[in-house]
Amino acid sequence: MATEPEGSNRLLQDVLARPGNDACADCGNPEPDWASLTLGVFVCQACSLLHRSIPHISRVKPLQESWEASEVELMSSAGNRAARVKYEQKVPPFYYRPTHTDCKLLREQWIRARYERNEFEFIEKQEPYSAGYREGFLWKRGRDNGQFLSRKFILSEREGALKYFNKQDARDPKAVMKIETLNATFQPAKIGNPCGLQITYLKDNSTRNIFVYHSDAKETVDWFNAIRAARFHYLQVAFPGASDEELVPKLTRNFMKEGFMEKTGPKHTEGFKKRWFTMDDRRLMYFKDPLDAYARGEVFIGSKENSYTVLPGLPPTTQGYHWPHGITIVTPDRKFLFACETEAEQRDWIASFQRVINRPMRPQEYAVEAHFKHKP
Ligand SMILES: [Zn+2]
């Protein structure tokens, strides 16, 4: 009998080699090294930790432990493909599927939605984000004082907007954010709350930020997916004939990179100032503080065909004290000079700028570029 677990583990390797079992059932991370015996799925270590928070649903075991023949048999008759068929029967196309680089909130709620709440087996459980209308209270960061206050929010697909109200009995909303320009991205570290959601929208062609959270993790993720649903339905109308695969990547965007750099003004003699930068596709925005309501300025970054270039280092004539690792962005109008604290930051920023410069511009991006050229 002493040899049996070894033989079982060899059989387990065969099960693991089957199509579908080569990536984590929940986040797609390659080479899962844990399994849930109760759900019959292979998962990565990070997801196995989240499964432990639902012990009544999932019992996990590392693959390197010794396995009983009956346990291997169980995994053999189940597996990630079978789980997908059962637990993902009716995932709406707009519903966000996290990857291993997403925040814990998104990964944990995806696991709970699949296995604990069975949201994708019963369509009526999807009402919170599928009805086209949602209202409720969220904690919203005050624009200037940084204090979080409870505010009523209404998301209405019919009106094409997300609105919030400052006073409970107020008839007019404090802000109307058009679904057309809305973006939502989880920013727990920046906001300082595990459920922290950053919502950005355009107002008079300037980007505005609001920072919200709900104390309940499910509610927060429901808001996020309701915004994605509203964006999806808006884009279906705006781009008739476009496939789901074309529209889904446009629903919400994560920022390409964020962090502090130093910048100097147009004359390059003003001295360098430390600012928080956010790279949102082709828009490089800068803020005094990461949680500012609106950007101090923006730099549009076009493509190499349109004379945009990024170079490491600063022109030799650059004056004043600054961080050691320079970056120069050349646009058709002027040069933008930045300085990074570390070489790794410089490398990351250059890679982000290079990604958009290497990509040809889409027709609608020329309109954005034109707007920036006419800005003082
Ligand atoms: Zn995983």
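Residues numbered from 1 in each chain as written. Predicted model: local features only at pLDDT ≥ 70, side-chain atom pairs only at ≥ 80, totals over all residues. Heavy atoms only, no water.

Points about the sheet that holds strand 12 (residues 273-280)
Here comes step 1: One open sheet accounts for seven strands, arranged 14-13-12-11-17-16-15; its pairing is antiparallel. Each edge of the sheet is formed by a strand with only one pairing partner; in this case those strands are strand 14 (297-300) and strand 15 (309-312). The mean angle between the axes of side-by-side strands here comes to 35°, regardless of whether they run parallel or antiparallel.
Here comes step 2: Where strand 11 (residues 257-263) meets strand 17 (residues 335-340), two bridges bridge the pair, whose relative direction is antiparallel. Looking at the pairing, E262 lines up with A339 of strand 17.
Here comes step 3: Helix 10 (residues 343-357) contacts strand 11, strand 12, strand 13 (283-287), strand 15, strand 16 (325-330) and strand 17 of the sheet and is inclined by roughly 110° relative to strand 11. (Pairing = 2+ DSSP bridges. Helix = DSSP H or I, 4+ residues; strand = E, 2+ residues; numbered from the N terminus. Axes fitted to C-alpha atoms, helices over the stretch in contact; angles between N-to-C directions. Contact = heavy atoms within 4.5 Å.)

So, the environment of L63
Here comes step 1: For L63, the location among the structural elements is in the loop between strand 3 (60-62) and helix 3 (69-77).
Here comes step 2: Taking the C-alpha atoms as reference, L63 lies 12 Å from D14; in sequence the two are 49 residues apart.
Here comes step 3: Excluding residues that lie within four positions of it along the chain, L63 makes contacts with N9, L12, L16, P32, D33, W34, A35 and F42.

A few points about the packing of aromatic side chains
Here comes step 1: Under the counting rule described, the total for this entry stands at 20 aromatic pairs.
Here comes step 2: Both rings, one in F94 and one in F232, keep their centres 6.3 Å apart while their planes meet at 50°; by these two values the pair is tilted. A residue pair is termed long-range when its members are at least 10 positions apart, and F94 in the loop between helix 4 (80-87) and helix 5 (104-116) and F232 in helix 8 (residues 217-238) qualify at 138 residues. You'll find F94 and F232 in the same group, each marked buried. (Phe/Tyr/Trp six-rings, centres within 6.5 Å; stacked < 30°, edge-to-face > 60°. Buried < 20%, exposed > 50% of the residue type's maximum accessible area, 1.4 Å probe, protein only.)

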